[in-house]
Amino acid sequence: MISSKGLLSLLSVAFLMAVVGPVSGASAQAAQISWTTCPKEAYPDPAVADALYPTLQCGTFKVPYDYGKPNGKQFTLALQKLPASGTKIGTLFTNPGGPGSPGRTSWTEAATIRMRESFDLIGFDPRGVGETRPAFDCEKADEAFPKLPPVDWVQIAAVQTILTARANRACQRKSADFIAHVGTNNVVRDLDAMRAAVGDAKLNFWGMSYGSRIGYVYAYRYPQRVRAMILDGPVSPNGSVANFAEVGSRAADEALRFIRSVSPATYAAVIATRDSLFASRLDIGTAGRSIPLAGYEWLTLIDNKLSSQDSWPEITALAKQVAAARIVGPGGYDARAALREERAIADAEDSDGVSADGGANEAINCADYAD
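Residues numbered from 1 in each chain as written. Predicted model: local features only at pLDDT ≥ 70, side-chain atom pairs only at ≥ 80, totals over all residues. Heavy atoms only, no water.

Asks: Go over the overall build of the protein, please, and point to the residues and values.
Replies: Per the secondary structure count, the protein includes 13 helices and ten strands. Sequence separation of at least 24 residues holds for 71% of the intrachain contacts in the protein that already meet a minimum separation of 6. Working note: accessible area of the protein is about 18500 Å², and carbon and sulfur atoms make up 54% of it. (Helix = DSSP H or I, 4+ residues; strand = E, 2+ residues; numbered from the N terminus. Contact = heavy atoms within 4.5 Å. Areas by Shrake-Rupley, 256 points an atom, 1.4 Å probe, with all protein chains shown as cover.)

Following this line, the structure appears as structure tokens:
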């Protein structure tokens, strides 16, 4: 499945709502957000942090587990703010969603265009996600993906359902203290509280992919509090978990169709390498440690590179490495080492059997969708 960011890049559908003029209004709640200068390691790109974003601030904001019990247990949301560089109109909140993806650095999307001049840009990790506390930290489900074709997808789906349910039950037990209080409806109330805390009478919001769900639920709940909203790569409000997963798979197919029309050589490298690995899988491991690379692992390896044309040369280079890795001798050794490094980068967030999002994706979808 293609990543949320990849889906955003592929679909890039924007809906602009109700731009009605500058935001005004003070708020007695402003002190509730605690801002400090960000440590360098918190920057999206620490190497250029001081040069590009010297004013970046990191913040925390407390919200109740249950808005019906405002004095009860609280989440501490993690935020980042890039103050407006020119005459400020208001605050623009951003979130890329996932669900389950950290959003505190999502302001970088808006910082690359002129919105940086007129708005404080704020990204946030929703409840249960990223650096927000408490956050999910659950084991990922085992995968029932096949190693070789032909593929019985009905059988795989049946097995995967059992494996995912088992992991979800374990995550429910581990996160019992707060799992009942996640979900988009609660995130929307948090977003409205943050809007009030920064002193904006109306909300400016840029929601990407799943973040569009946050946006349209906010607009539905608080229609009179929206100033401007961009829903980028929108997720259907009438969807389901199955539909949400299908969109990701379809996005990968659309990316490959686009690549075929624009760069036949890149497309040929993707497909030829996939077919060769299905026909004869490759072991890129070292003595005593097998690391298989078959067709599905290949597609996973290049997944995040499909949606960006700038990354297509990397796909071609990796395809050449796969071919070279079959060589017995120094050339093959070097190619296998390069592929191991690429696999390590791709798998870094999934190390030690912990889900990259800590299990937040399944928990939030469970809260949002009937299925």
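Asks: If you had to explain the state of the cysteines to someone new, which residues and values would you point to?
Replies: Structurally, a disulfide amounts to a covalent bond that connects the sulfur atoms of two cysteines. Within this structure, the stated rule accounts for two disulfides. In this model Cys38 forms its disulfide with Cys58; the gap between the sulfur atoms is 2.1 Å. Taking the torsion about the sulfur-sulfur bond, which here is approximately 110°, the covalent link between Cys38 and Cys58 counts as right-handed. On the criterion of sequence distance, the pair formed by Cys38 in the loop between β2 (34-37) and α2 (49-52) and Cys58 in strand β3 (residues 57-64) is long-range, its members being 20 residues apart. We classify Cys38 as buried; its relative accessible area is 6%. A residue is classified by how much of its surface remains accessible, and Cys58, at 16% relative accessible area, is buried. (Disulfide = S-S within 2.5 Å. Buried < 20%, exposed > 50% of the residue type's maximum accessible area, 1.4 Å probe, protein only.)

Asks: Hey, could you go over the nonpolar core for me, with residue numbers and the actual values?
Replies: In this structure, Phe61, Phe136, Leu191, Met194, Phe205, Tyr218 and Met229 are the most contacted members of the largest nonpolar core, which totals 37 residues. Of all the secondary-structure elements, those providing two or more residues to this core are β3, β4 (74-82), β6 (119-125), α6 (184-197), β7 (203-208), α7 (211-221), β8 (226-232) and α13 (360-368). Looking at this core, the element that brings in the most residues is α6, giving six residues. Those residues within four positions of Phe136 in sequence are excluded, and the remaining contacts are Gly128, Cys171, Ser175, Phe178, Ile179, Val182, Asp357, Gly358, Gly359, Ala360 and Ala363. Counting 23 residues, the second largest nonpolar core, distinct from the first, contains Ala255, Leu282, Ile284 and Ile315. (Core = buried A, V, L, I, M, F, W, Y, C linked by side-chain atoms within 4.5 Å.)

Asks: Quick one: what's the story with the environment of Ile259, residue by residue and with numbers?
Replies: Position of Ile259 among the secondary structure elements: in helix α8 (residues 241-262). Residue class for Ile259 comes out buried when judged on its relative accessible area of 0%. Along the backbone, Ile259 and Val270 are eleven residues apart, and their C-alpha atoms lie at a distance of 9.8 Å. Residues in contact with Ile259, not counting those within four places in the same chain, are Pro264, Thr266, Tyr267, Leu306 and Trp312.

Asks: Residue-level account of the pattern of salt bridges, with values.
Replies: Under the defined criterion, the tally for this structure stands at twelve salt bridges. For the salt bridge of Asp120 with Lys88, the shortest nitrogen-to-oxygen distance reads 2.8 Å. Taken together, the residues span a long stretch of sequence, with Asp120 in strand β6 and Lys88 in the loop between β4 and β5 (90-95) at a distance of 32 residues. Residue classification places Lys88 among the partly exposed residues on the basis of a relative accessible area of 43%. Across the salt bridge formed by Asp190 and Arg127, the nearest N and O atoms sit 2.8 Å from each other. Linking Asp190 in helix α6 with Arg127 in the loop between β6 and α5 (153-174), this pair joins segments that are 63 residues apart in sequence. Each member of the pair, Asp190 as well as Arg127, carries the same accessibility label: buried. One continuous salt-bridge network, built from bridges that share partners, spans Asp192, Arg195 and Arg225. (Salt bridge = Lys/Arg side-chain N within 4 Å of Asp/Glu carboxyl O.)

Asks: Before we move on, can you summarise the packing of aromatic side chains with the specific residues and values?
Replies: Applying the stated criterion across every chain, the model contains seven aromatic pairs. A ring pair is formed by Tyr65 and Phe75, whose centres lie 4.7 Å apart and whose planes are at 35°; its orientation type is tilted. Here Tyr65 is found in the loop between β3 and β4, whereas its partner Phe75 is found in strand β4, with ten residues between them in sequence. Residues Tyr65 and Phe75 agree in their burial class; the two are buried. Taking 5.0 Å as the distance between ring centres and 75° as the angle between the ring planes, the aromatic pair formed by Phe278 and Tyr296 counts as edge-to-face. With Phe278 in helix α9 (residues 264-279) and Tyr296 in helix α10 (residues 295-302), the pair connects residues that are 18 residues apart, well separated along the chain. Each member of the aromatic cluster is reached from another via a ring pair, and the members are Tyr65, Phe75, Phe136 and Phe178. Sitting above the plane of the Tyr267 ring, Arg260 keeps its charged end 5.2 Å from the centroid. (Phe/Tyr/Trp six-rings, centres within 6.5 Å; stacked < 30°, edge-to-face > 60°. Lys NZ or Arg CZ within 6 Å of the ring centre and 35° of its normal.)

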